[in-house]
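Per-entry structural report
The residues making up each chain are set out below.
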Amino acid sequence: MKKLKTLLILGIAITTLGFVTGCSSESDNKKEENETRIVQTVKGEVEIPKDPKRIVDISGSSEELVILGHTPVATANVDSYATEEVPSYVSDKLGDAKVVGHSMMDTMDIEAILSVEPDLIIMAPRQEKIYDQLKEIAPVVMLEDKSNDWEAKFKDVAKLFDQEQEAQKWLDNYYKKAKELGDEVKATNGEKTYLTVLASSGQFMVFTEGGIGTILKDDMGLPQPENMPKQDSITLPTVTMEGLSEIDADHIIVIGTEADKKDLEKSTVWPEIRAVKEGNVTILDASPYFSQAYNPIGRELLLQLIKDELTK
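Calculation notes
- Residues numbered from 1 in each chain as written.
- Predicted model: local features only at pLDDT ≥ 70, side-chain atom pairs only at ≥ 80, totals over all residues.
- Heavy atoms only, no water.
- Helix = DSSP H or I, 4+ residues; strand = E, 2+ residues; numbered from the N terminus.
- Expected span 1.5 Å × (residues − 1).
- Bend = angle between axes of the 7 residues up to and from the residue.
- Buried < 20%, exposed > 50% of the residue type's maximum accessible area, 1.4 Å probe, protein only.
- Pairing = 2+ DSSP bridges.
- 1 Å grid on protein atoms, 1.4 Å probe; cavity = no way out; pocket = protein on both sides within 12 Å on 5 of 7 lines; lining within 4 Å.
- Points joined across faces, edges and corners; volume = space filled by probe spheres on them.
- Phe/Tyr/Trp six-rings, centres within 6.5 Å; stacked < 30°, edge-to-face > 60°.

**Details of helix α13 (residues 296-310)**
In a regular helix each residue adds 1.5 Å, so 15 residues correspond to 21 Å; α13 covers 21 Å between its end C-alpha atoms and thus fits that length. The sharpest bend along α13 comes to roughly 25 degrees, located at Leu-302. When we look at burial in α13, the residues that qualify are Pro-296, Ile-297, Gly-298, Arg-299, Leu-302, Leu-303, Ile-306, Lys-307 and Leu-310.

Below is the structure:
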């Protein structure tokens with residue numbers, strides 16, 4: 001009887017300890033969920049969750065978030081030619097995120113943002129007019145607009161989550177791969193020059209200091225022609241068909257829609273351009289390649305594609 005009483009007391013003690021431990025664990029979890037930190041934004045200091053679980057990104061930084069392990073529940077990273085969808089090359093990673101707009105636009109679908117119950121919203125200055133509305137939904141971080149500087153944008157997102165080292169490691173690996181593939185192109189083709197353009201209604205927007213042009217020039221170390229038009233902002237300089245001929249690149253990469261490709265086929269000037277005559281032209285679909293180079297996942301995927309196309 002005494003032994004039975006002792007076992008009963010011991011059982012109650014263990015149960016009580018388990019209950020206390022469970023409550024403590026639950027309390028710790030709730031404490032962690034409620035922890036916040038102060039971050040610096042374009043709008044000054046903002047208090048955000050230390051570990052946000054439901055991020056809405058309308059700034060165009062969704063690929064950076066994915067790399068850092070923060071897949072957003074809603075995004076405005078869309079294909080520039082299919083604005084209701086995320087780009088095809090990243091659909092396996094962003095496919096479940098609700099599309100709430102286009103990151104280069106100044107407004108978004110507020111109701112759609114509200115419906116996903118975010119605990120953090122990341123936006124850009126171009127969406128300034130909806131800032132106060134978004135503040136009523138969740139803490140809002142407005143990042144600087146660095147649309148034409150993908151690396152700086154990536155580092156800003158990483159800083160927001162104290163993940164600068166992870167971002168730098170990814171960047172180091174990216175640049176190492178870019179140099180290796182660029183060296184392979186030069187070993188195969190020699191010191192040829194490369195021009196990348198977006199075909200647009202019979203004219204060409206030149207990626208002098210933006211998009212896919214900087215992958216070849218800055219990352220892979222492939223030379224551009226000397227006679228390149230200047231680019232002073234995010235806006236790409238535009239040249240005519242004759243202007244394209246005057247740039248006189250050894251190899252031309254053209255991004256275009258099906259309509260743009262047909263225009264090239266009908267042109268009498270296009271076949272007379274030296275690179276075209278020599279068969280040194282690569283034509284890529286506007287979707288998804290136009291905007292792909294402005295984002296890190298897309299940019300990395302382009303490295304191998306470019307190398308393969310230039311060494312055929």
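**Describing the sheet that holds strand β4 (residues 74-75)**
One open sheet holds the five strands; their spatial order is β5-β4-β3-β6-β7, and the pairing between them is parallel. Both outer strands of the open sheet, β5 (98-99) and β7 (140-142), are each paired with one neighbouring strand and no more. Relative to strand β6 (residues 120-123), strand β3 (residues 55-57) is paired through three bridges, and the arrangement is parallel. Counted as the bridge partner of Ile-55 is Leu-120 from β6.

**What about empty space enclosed by the protein?**
If you walk through the whole model with that rule in mind, you get two cavities of 30 Å³ or more. The volume enclosed by the largest cavity comes to roughly 50 Å³. If you go around the largest cavity, the residues you meet are Ser-59, Ser-61, Ala-124, Arg-126, Leu-143, Glu-144, Asp-145, Lys-146, Ser-147 and Lys-153. Looking at the second largest cavity, the residues that line it are Tyr-194, Leu-195, Thr-196, Phe-207, Gly-213, Leu-216, Lys-217 and Gln-224.

**A word on the packing of aromatic side chains**
Each aromatic ring pair is summarised here by two numbers: the centre-to-centre distance and the angle between the ring planes. Here the structure, examined in full by the defined rule, presents ten aromatic pairs. Geometrically, the ring pair formed by Phe-154 and Trp-170 is edge-to-face, given 5.5 Å between the ring centres and 80 degrees between the ring planes. Of the two residues, Phe-154 sits in helix α6 (residues 150-160) while Trp-170 sits in helix α7 (residues 164-189), which places them 16 residues apart along the sequence. Ring geometry for Phe-204 versus Trp-270: centroids 6.2 Å apart, planes at 20 degrees, classification stacked. Taken together, the positions of Phe-204 in strand β9 (residues 203-206) and Trp-270 in the loop between α10 (258-266) and α11 (274-277) put the pair 66 residues apart, joining distant regions of the chain.

Without other data, these values stay purely geometric and don't point to any function.
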